[in-house]
Amino acid sequence: MNQDRRWENEYHTKQIEIPEFMQQKTEPRGRRPSHNARQKTAMPVRSAVPQPRQRDRGVRPPHQRRYCHKTPHQADFYRVRRPPQGRSKTFSWYLKRYLRQRWPGLVLVFGLLLFITGFLLLGILGKKEKEASSDFTAISKKGEKTDGIQEMILPGWVIQDILPVNEYSRPGTKLQGVNGIVVHYTGNPNTTAEQNRNYYGQLAQTHETKVSSHFVIGMDGKIIQCVPLDEVAYCSNDRNGDTISIECCHKDKGGQFSDETLESLTRLLDWLVKTYDLQREQILRHYEVTGKECPKYYVEHPDEWERVLDGISFLQREEEKDGQ
């Protein structure tokens, strides 16, 4: 057995007496002495007996410290501040503590709220733009550029299917004004409003002729708008620049309109008359513009045409009011 092993066994079996000058002096219990008093005491001599590692008082090892940040300002930012001694905790103190502890979650919540708000705003704006696109502007009877242009909402019973701008059916030329409405018949029996509208649209490729109208009314009463009301349509010859044209579908070569077509025509004429402040003499047949037998049945039967005009409620002029 070597010397170290023998000494270890002897240490554990016998109680070795340590001289007084080698014993570690301990402070008495009670009040802790001041720094100067502790500094004046003699430093203990290393004892032969293994002692536990001593640490400075009041300092925790790194793995036990509450804050282990690299820079002091980080620890200061995350530290939960305690209220000063002798003062009550105020609402602002609780609020600051809550914000310091919960700021990542609050940032996430506010970010989500902003995203949702922006999404809703975009949806509302898109809806308004869509509604605005369904609206259209039309020139008044006088054709004034400043206050003569009126913003109107198209009635719900009118279907918008506007033609693309092209040289043969929708030139895009602005109307000089609205001084009348010209009623036509399509001249191709037993066709629908959609078929006539599509015929106007195909002219941009076929270049067959130049023809179109602002509205087409089917035999079932369906009304389709093909050209905006502030643009020219190729339908009424010399009156294209200041009139709105309406084409009506018919069942046979006689050209008589069905009851549904007449009802929709009266309804549309009534709305246009009120919109543009038109009178009875401004509702024309194509026959009265060029002498063509159009609409054929109502040229051959003038009394039926007068019956159509009787179904429209015209606004009474001020001169007529004064005369009465």
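Here the structure is shown first, and the text comes after it.
Conventions we followed
Residues numbered from 1 in each chain as written. Predicted model: local features only at pLDDT ≥ 70, side-chain atom pairs only at ≥ 80, totals over all residues. Heavy atoms only, no water. Buried < 20%, exposed > 50% of the residue type's maximum accessible area, 1.4 Å probe, protein only. Helix = DSSP H or I, 4+ residues; strand = E, 2+ residues; numbered from the N terminus. Pairing = 2+ DSSP bridges. Contact = heavy atoms within 4.5 Å. Axes fitted to C-alpha atoms, helices over the stretch in contact; angles between N-to-C directions.

Asker: Report on the pairing of strand β4 (residues 180–185), specifying residues and quantitative values.
Answerer: Burial within β4 is extensive, with six of its six residues counted as buried. Of the two faces of β4, both are covered, the one formed by Gly 180, Val 182 and His 184 as well as the one formed by Ile 181, Val 183 and Tyr 185. Bridge count for β4 against strand β7 (residues 243–248) is six bridges, and the pairing is parallel. Its bridge partner being in β7, Val 183 is matched across the sheet by Ile 246. Both β4 and strand β8 (residues 283–285) contribute to a ladder of three bridges, which runs parallel. Bridging across to β8, Val 182 finds its partner in Leu 284.

Asker: How would you sum up the environment of Pro 295? Please name residues and give values.
Answerer: As for its placement among the helices and strands, Pro 295 is situated in the loop between α7 (287–290) and α8 (296–300). In the structure, Pro 295 is positioned 41 residues away from Gly 254 in sequence and 9.5 Å away in space, judged by C-alpha atoms. In contact with Pro 295, not counting residues within four places along its chain, are Val 183, His 184, Tyr 185, Phe 257, Arg 285 and His 286.

Asker: Describe the sheet that holds β4, listing the residues and the values that go with them.
Answerer: If you trace the six strands from one edge of the open sheet to the other, you get β3-β6-β5-β7-β4-β8, paired in mixed fashion. This sheet does not close on itself; its edge strands, each paired only once, are β3 (158–160) and β8. Geometrically, the sheet is characterised by an average inter-axis angle of 25 degrees between neighbouring strands, direction not taken into account. Here β3 runs beside strand β6 (residues 223–225); their pairing, made up of three bridges, is parallel. Each residue of the ladder has a partner; that of Val 158, found in β6, is Ile 223. Contacting β5 (215–217), β6 and β7, helix α5 (residues 193–206) runs over the sheet at an angle of about 150 degrees to β5.

Purely spatial values, then, with no claim about function.
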